[in-house]
4 protein chains.
Amino acid sequence: MEQRILLTECSDATGLIAKVTGVCFKYSYNIVHQDQFASEDKRFFMRTVLEGDFNAAGAGNFLQEVKSLLPPDAVVRLNDGHRRRLAVLVTKEAHVLGDILIKAYSGALNADIVMVAGNYDTLSDLSRRFDVPFHLVSHEGISREEQEERMLRLLDDVNADYIVLAKYMRILSPQMVAHFPLGKLINIHHSFLPAFIGARPYQQAYDRGVKIIGATAHFVTDNLDEGPIIEQDVIKVNHRYTAETMAKAGRDVERLVLMRALTKVLDDKVFIHGNKTVVF
Amino acid sequence: MEQRILLTECSDATGLIAKVTGVCFKYSYNIVHQDQFASEDKRFFMRTVLEGDFNAAGAGNFLQEVKSLLPPDAVVRLNDGHRRRLAVLVTKEAHVLGDILIKAYSGALNADIVMVAGNYDTLSDLSRRFDVPFHLVSHEGISREEQEERMLRLLDDVNADYIVLAKYMRILSPQMVAHFPLGKLINIHHSFLPAFIGARPYQQAYDRGVKIIGATAHFVTDNLDEGPIIEQDVIKVNHRYTAETMAKAGRDVERLVLMRALTKVLDDKVFIHGNKTVVF
Amino acid sequence: MEQRILLTECSDATGLIAKVTGVCFKYSYNIVHQDQFASEDKRFFMRTVLEGDFNAAGAGNFLQEVKSLLPPDAVVRLNDGHRRRLAVLVTKEAHVLGDILIKAYSGALNADIVMVAGNYDTLSDLSRRFDVPFHLVSHEGISREEQEERMLRLLDDVNADYIVLAKYMRILSPQMVAHFPLGKLINIHHSFLPAFIGARPYQQAYDRGVKIIGATAHFVTDNLDEGPIIEQDVIKVNHRYTAETMAKAGRDVERLVLMRALTKVLDDKVFIHGNKTVVF
Amino acid sequence: MEQRILLTECSDATGLIAKVTGVCFKYSYNIVHQDQFASEDKRFFMRTVLEGDFNAAGAGNFLQEVKSLLPPDAVVRLNDGHRRRLAVLVTKEAHVLGDILIKAYSGALNADIVMVAGNYDTLSDLSRRFDVPFHLVSHEGISREEQEERMLRLLDDVNADYIVLAKYMRILSPQMVAHFPLGKLINIHHSFLPAFIGARPYQQAYDRGVKIIGATAHFVTDNLDEGPIIEQDVIKVNHRYTAETMAKAGRDVERLVLMRALTKVLDDKVFIHGNKTVVF
């Protein structure tokens, strides 16, 4: 018995659950788990974990039949269970990449790291210790456009499902962002957004004298640090913290938040809804 | 348009969601929200928030039809939306009762406090400030049986839906527990059970030198502090805490945990499953 | 044996602890607890809990001697242990005031509530249930200046040590703020500042799609929501929350954060340092 | 200017802080930070971070002079700032060791990992990727005594300051524990002790139906899971968790709790006090 995940999204209406689960029942697909949500603006989202025999013909017919019963704006996907491919962009900090590599190494990440690329060479050694190809795409001596083009060529080559900005300290140009569909670029920002957007959030937090600091994993959009938030968490700080010790303390929450977000995305639990997310 | 909550519980089987939601659709009951869970031991639980026109006849037929499609061991209830009645048992500590009274007073509790009873008179003044009848049922000079009988008479008179032990520092006899169906008596214990069962948990926590203390809300069973857990939470402590300051610090988590548990119960989100709970 | 708290603040220098504790030893004042902090900008703060016989003459000489050994910019205070007086300003929401009243009633607050004043009459009944005088200072039909003047007259009359804005939904004018020394006005803001400054923070949080919401207790300054932060905390939310249910869920964290801040202030644990706080 | 940490422990008495800080002042050692604690059973602990010129002769005289002013049972140590050596014992799970190796690799751990030893070979590859020697000390086919003797020989050879049991799933014999001074062996246990002592704590947690699970870092003593607790933390779980998914979710809290405990120990912030700890 195979497991597949059915993702349904459409205008809200009466009977949607009955219709979809009715087709599942007809095809003898057992529902292991189901979650659904209707937003205030009348959009319906559903994630259904199915168990059954998904031969190609049957699954195609099943999807057809589900679609035929839903509103015309429905988007229905059946996760084919292929192993996802991740590309990771970094600068110099090791903690987020290190966590991803260790998780992937120990089988705790449901994906393969197909490439690490950085604008500095700092993390090439760490990547290679885990047999992951590292590419240096320096920004020095070339234009931003040129650096991004080189990066894009690498990214296109590896055909990644998701691109993770694991403390990649470069602001992506609108052109680079537009190169990918929304939902493919995932960033970890080192503050509880929308507080401390932009550069040096720990310095901003120190200057403001906050008693909590945090991290935010979000999909990347054109607007810096304004994309749909997937996951956030915080830790407590006090007057004894400097901007530097805040940054040090924040590393744990950064890597945990990114990893939780990534796990949710890889489990097909995240829908994008306008500038927000539905995370089942 | 009225809202009702349908609670379904039965042996797990294929097609349960399709069957129940199919009947909902047939009766034009819109599903506002639905949650379901199938346990490892193959028990199925579902909570469905419905919106529609629930005239008595229609609702009865609806329930009949749902039941007819489910396994014979199915238990199906349709919350009739009546306002719940709470009785609260106390001893001397004001913080949990105070929280319940304030929440009820300000309309934040979806229930009425119909009675407070205590084995000391300490909290009668507080109860009366909120116009809630207080009954003193002292344990002094009489047998445990006699004290419990008096308490039971009071409780039977008020016809409460739930009885909340809000730091009631008496151990209930098996006879008293057996007087009520499982799920009616809710207790707040001042430790993160199963650590520190029994008397003086903060002293036990202090003696052991733990770095976190907590509170546990649970349904009451025959076995002291062993009933199904509804909600737990903890706070951090350190070497500077004495048993007394732990107790003081623990008050906030005690009242919050009880209130969260109570809110879940009043929202019909809690199923009892053996000695555990399913909390949607 | 009496307990007193010595608060020392001055430019940082070598030997400050030795000097102050030396004088304590000379006067046979036992140090029960001591905390100190030297900021990055070289300001020294120390809180010393002393135990001893504090007759008026001895305590005066002691303070003199401590001062004589410290840099000329030193501010040294010896808490005289008088019971603090709190005035509470409110609008319509009961949860923060309710918590303060219950804590004061049950002896868990080391202060007296001498007055509640509100720009609506909503909470007069609740205040009176706890025998606390309530004053209606409506803003309707009069100018902001006039309303504030009436409020100030009331506040001056009661001679409060601290004025707590317990969800007082009026923005204080610079004139009103300037009427009090910095550190006397304490506000609870319903967001994790500096996110969502200003009006309707829960609506802002909902619109942004954050996964955590919070509350901030801070001293009030001229700049709206920009004063020194005393305490912050957060709770998790998700896509199922509306602005309304966020507001409801946020009530617990609002009252807890304010109460923690207030307790710290009443325990003389809070120093103001520029636009930040040192909270021992 | 060098930094050193002075650790003082003795019977409580009046004037201890004045005496110690007086000597610091005399030797021109600036106090960067100081923390002290007097327990209910009248034991005094103090940690003082000093800045100054610590030539060998001066430091020796300084220590002599401090001791001469304290009660005869005083234990006074001046951390000489040498880089600590850690040995890590493991079985098969990679997450705790992986975290230690990454932290050490990226310079975030103030110590060197001099050896990893395991009763299975599973983690030899991971250790070698970070150039850390791995020793297999299998328990198969030999007696427990023999296995422990081999382990002890290895541990004695590397002269480690601390031995970290990073999910080493063997119960140490009293003989092996007695081989080391209390405070040298640090274990991470996968429950919030004292709940779920012994084997399979996640299965125990699942069976009990708790809503929080946790981890505990503690010094190892003769009594299984009963040693002085250094650090604890918890995460929330619910009815959807199985024993297996609890174990998976618990990995993050296990590695974080151990790392926090280890960091505190390496920063000389932990005193052992009977069966408890003082953690500054």
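Here the structure is a predicted model, which means the values were calculated and not measured.

## Thoughts on the sheet that holds strand 1 (residues 2-11) of chain B
Residues and elements named next belong to chain B.
Right, so step 1: Read from one edge to the other, the open sheet built from four strands follows the order 2-3-1-4, with strand pairing classed as antiparallel. Each of the sheet's edge strands pairs with one partner strand only, and the pair in question is strand 2 (30-38) and strand 4 (75-78). For this sheet, the mean inter-axis angle between neighbouring strands, taken without regard to orientation, is 10°.
Right, so step 2: As defined by bridge partners, strand 2 adjoins strand 3 (residues 43-52) across eight bridges and the pair is classed as antiparallel. In the sheet register, Gln36 faces strand 3, and the bridge partner there is Met46.
Right, so step 3: Each of strand 1, strand 3 and strand 4 is contacted by helix 2 (residues 56-69), which is oriented at about 160° to strand 4, the strand it contacts most.

## Quick word on the pairing of strand 13 (residues 276-279) of chain D
Residue and element names in this part refer to chain D.
Right, so step 1: Here strand 13 shows a buried face lined by Lys276 and Val278 and a second buried face lined by Thr277 and Val279.
Right, so step 2: In terms of strand pairing, strand 12 (residues 270-273) meets strand 13 through four bridges, oriented antiparallel. Looking at strand 13, one finds that Ile272 is bridged to Thr277.
Right, so step 3: What sits between the antiparallel neighbours strand 12 and strand 13 is a turn of two residues, in which Gly274 has the positive phi angle 60°.

## Overview of the interface of chain B and chain D
Right, so step 1: Contact residues are listed per partner, giving 37 residues for chain B and 37 residues for chain D.
Right, so step 2: Interface of chain B and chain D: buried area, both sides summed, is about 3,000 Å²; carbon and sulfur atoms make up 52% of it.
Right, so step 3: Contact with chain D buries area across many residues of chain B, yet B:Arg208, B:Lys211 and B:His239 alone supply 24% of it, more than any other trio.
Right, so step 4: Run the count over chain B and chain D and you get eight salt bridges.
Right, so step 5: A salt bridge links D:Glu231 to B:Lys236; the nearest nitrogen and oxygen atoms lie 4.0 Å apart.
Right, so step 6: Contributing elements (two or more residues each) for the side of chain B that touches chain D: strand 2, helix 7 (201-208), strand 11 (229-236), helix 8 (243-266) and strand 13 (276-279) of chain B.
Right, so step 7: Ranked by the residues each element gives to the side of chain B that touches chain D, the list is headed by strand 11 of chain B, at seven residues.
Right, so step 8: For the side of chain B that touches chain D, the class distribution of residues is 15 nonpolar, eight polar and 14 charged.

## A closer look at the interface of chain A and chain C
Many analyses report the size of an interface as the accessible area lost when the parts associate.
Right, so step 1: Facing 37 residues of chain A, the contacting portion of chain C comprises 37 residues.
Right, so step 2: Taking both partners together, chain A and chain C bury about 3,100 Å²; carbon and sulfur atoms supply 52% of that area.
Right, so step 3: It is A:Arg208, A:Lys211 and A:His239 in chain A that bury the most area against chain C; as a group they hold 24% of the surface buried on that side.
Right, so step 4: Linking chain A with chain C are eight salt bridges, by the criterion used here.
Right, so step 5: Along the contact surface separating chain A from chain C lie 24 residue pairs in polar contact (both at pLDDT 80 or more).
Right, so step 6: Those elements that provide at least two residues to the side of chain A that touches chain C are strand 2 (30-38), helix 7 (201-208), strand 11 (229-236), helix 8 (243-266) and strand 13 (276-279) of chain A.
Right, so step 7: Among the elements that take part in the side of chain A that touches chain C, strand 11 of chain A stands out by supplying seven residues, more than any other.

Rules and cut-offs
- Residues numbered from 1 in each chain as written.
- Chains lettered and ligands numbered in written order.
- Predicted model: local features only at pLDDT ≥ 70, side-chain atom pairs only at ≥ 80, totals over all residues.
- Heavy atoms only, no water.
- Pairing = 2+ DSSP bridges.
- Helix = DSSP H or I, 4+ residues; strand = E, 2+ residues; numbered from the N terminus.
- Axes fitted to C-alpha atoms, helices over the stretch in contact; angles between N-to-C directions.
- Contact = heavy atoms within 4.5 Å.
- Buried < 20%, exposed > 50% of the residue type's maximum accessible area, 1.4 Å probe, protein only.
- Buried area = accessible area lost by both parts, 1.4 Å probe.
- Salt bridge = Lys/Arg side-chain N within 4 Å of Asp/Glu carboxyl O.
- Nonpolar A, V, L, I, M, F, W, Y, C, P; charged D, E, K, R; others polar.
- Polar contact = N/O pair within 3.5 Å; in protein donor to acceptor, adjacent residues only side chain to side chain.

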